[in-house]
2 protein chains.
Amino acid sequence: MIDREAKMQQTFKIGVMASTRGSDLQGILEAQASGKLTQVEVAMVLTNKADAPVIERCHQHHLSCQFVDPTAFATREEFDRAVAAIFDKLGVELILLIGYMRILSPWFVQHFQSRIINVHPSLLPAFGGGMDLNVHQAILDAGVKVTGCTLHFVDEGTDSGPIIWQKAIPVEHDETVESLKDKVQQLEVEGFVAVLEAWAEGRIVINNNIVFLKDA
Amino acid sequence: MIDREAKMQQTFKIGVMASTRGSDLQGILEAQASGKLTQVEVAMVLTNKADAPVIERCHQHHLSCQFVDPTAFATREEFDRAVAAIFDKLGVELILLIGYMRILSPWFVQHFQSRIINVHPSLLPAFGGGMDLNVHQAILDAGVKVTGCTLHFVDEGTDSGPIIWQKAIPVEHDETVESLKDKVQQLEVEGFVAVLEAWAEGRIVINNNIVFLKDA
């Protein structure tokens, strides 16, 4: 893990990996536009989908964006090494997975250990295990009264890495997949802003695989 | 399910089953002492443990309490039929499991369908599956940042019945099993009070196995 405490007040570069709309990226950019996250520079957005809407979003915001074609690589690790080379060359310190629908190789996870953050639209460990696409329907079907969102470091399991940040919201009785998605989306952005601020200020502590954010 | 709407404003009797301290019972009695739950009458507390501290608690509060000895019955169902006979004779409408450490027979669950409420010290489905005794340690070990409590109707599975009420609290970084237990204990009482009030007022709706509480 990078010792951010020693680097406080310096700008740091983040890389984003996204397969679809990358909606949380929008929230991060809006937070920056409102004067937050001044130390964060979105250095590169990579996608594994040639037609991902996040590409257009990047163009609108004049962000560097690149499609890396998975079919051009023989193995998952070769693809991941190409991605890592792009990030490393730019000096990317932290990688955010924002709707990245592709399994990472153990090599990649190891290479960026405690430097890859994934977001999951539930209170893990509940409704984890790779059900991202149908998670809100599963939540409604289960009749739970509370859900939320989780940001966690990525390890070699699915939705299993050390949890950094969680926040809960009530599930109302007239809730729909769409209403839940909207609310959790807002939480996701709130989480990314909180965690990026904490990273910038060296307030993320990992102890025996348990993460906590020190108070600002 | 009893049609409480037709019975609104009438007193109704609850039975309690407890194996240990029955701490939530104390909270319910305190709520009554403060003027809440005026329609609720705790008709009988049954325990399967001869030395359960809940027995002394009942004596202090002049509540009817009875130890039913499991070793006096050949099968789980025979024990449960004896328990049911006691509750039925008193006209108990709703049964609360408050730290009741014994599996219920399918017969009992069927007999009191949608009339048995269990409390679990986590946000189910997370940290369910019968781990009541060590649930807070498991929560701390998992490094989750949010936990809470669940009240649910009992079905034939473990911690699997329809969820009635849930509420979340943050897990602080200096949290201990004891601090968590205290906080969740308070939530449990809050949940029992909310659900008993809703029951009294006919505000509990079950629809396709999903429960919700109508607004008061």
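Nothing here was measured: the structure is a model prediction, and the numbers come from that model. (Residues numbered from 1 in each chain as written. Chains lettered and ligands numbered in written order. Predicted model: local features only at pLDDT ≥ 70, side-chain atom pairs only at ≥ 80, totals over all residues. Heavy atoms only, no water.)

(A) Highlighting the relation of the copies chain A and chain B. In screw terms, the move from chain A to chain B is a rotation of 180° and a rise of 0.0 Å along the axis, fitting with an RMSD of 0.0 Å. This pairing of chains is accounted for by a two-fold axis. Proximity to the rotation axis, assessed at the C-alpha, singles out A:Ala126 in chain A; its C-alpha lies 2.5 Å from the axis. A share of 100% of interface residues in chain A that are also interface residues in chain B marks the association as one of identical surfaces. (Least-squares fit on C-alpha atoms with pLDDT ≥ 70 in both. Contact = heavy atoms within 4.5 Å.)

(B) Representation of the environment of B:Glu178. Note that B:Glu178 resides in helix H6 (residues 177-200). Given the relative accessible area of 47%, B:Glu178 is considered partly exposed. (Helix = DSSP H or I, 4+ residues; strand = E, 2+ residues; numbered from the N terminus. Buried < 20%, exposed > 50% of the residue type's maximum accessible area, 1.4 Å probe, protein only.)

(C) Geometry of the side chain of B:Asp24. Among the structural elements, B:Asp24 can be located in helix H1 (residues 23-33). Non-local contacts of B:Asp24, meaning those with residues more than four positions away in its chain, are made with B:Ile98, B:Val119, B:Gln185, B:Glu188, B:Val189 and B:Phe192.

(D) Looking closely at the pattern of salt bridges. All names here are of chain B. The final tally for this structure, using the stated rule, is 10 salt bridges over all chains. Between Lys183 and Glu175 there is a salt bridge; the shortest N-O distance is 2.8 Å. The salt bridge partner of Glu201 is Arg203, with a shortest N-O separation of 2.7 Å. (Salt bridge = Lys/Arg side-chain N within 4 Å of Asp/Glu carboxyl O.)

(E) A look at the sheet that holds strand S4 (residues 92-97) of chain B. Residue and element names in this part refer to chain B. Pairing within the open sheet is mixed, and its 7 strands lie in the order S3-S2-S1-S4-S5-S6-S7. Edge strands, defined here as strands with exactly one partner in the open sheet, are strand S3 (65-67) and strand S7 (163-170). Across the sheet, the axes of successive neighbouring strands diverge by a mean angle of 20°, strand direction being ignored. (Pairing = 2+ DSSP bridges. Axes fitted to C-alpha atoms, helices over the stretch in contact; angles between N-to-C directions.)

(F) Representation of the pairing of strand S2 (residues 40-47) of chain B in the model. Residues and elements named next belong to chain B. In terms of residue burial, S2 counts as a mostly covered element, since 7 of its 8 residues are buried. Tracing the backbone out of strand S1 (residues 12-18), into H1 and back to the parallel element S2 gives a crossover that is right-handed. When S2 meets S3, the two strands line up parallel, connected through 3 bridges. Residue pairing for S3: Leu46 is matched across the bridge by Gln66. Regarding topology, helix H2 (residues 53-60) serves as the crossover connection from S2 to the parallel S3, and that connection is right-handed. (Right-handed = clockwise from strand over helix to strand, strands pointing away.)

(G) Just H1(B), in detail. All names here are of chain B. Of all 11 residues that make up H1, 8 are buried, and the element is covered over most of its length. Where H1 is concerned, the buried positions are Ser23, Asp24, Leu25, Gln26, Gly27, Ile28, Leu29 and Ala31. Trailing H1 by a residue or two, Gly35 shows a phi angle of about 100°, which is positive.

(H) Structural detail: the packing of H1(B) against H2(B). Residues and elements named next belong to chain B. One way to put it is that H1 packs onto H2 with a least axis distance of 10 Å and a crossing angle of 20°. Relative to H2, the element H1 is oriented roughly parallel. Regarding H1 and H2, the two cross each other, and that crossing is right-handed. Counting all contacts with H1, which are made through Ser23, Leu25 and Gln26, the residues of H2 involved are Val54, Arg57 and Cys58. Its residues assigned to classes, the contact of H1 with H2 shows 3 nonpolar, 2 polar and 1 charged. (Parallel < 35°, antiparallel > 145°, perpendicular 65-115°, else oblique. Left-handed = near helix turned anticlockwise from the far one by under 90°. Nonpolar A, V, L, I, M, F, W, Y, C, P; charged D, E, K, R; others polar.)

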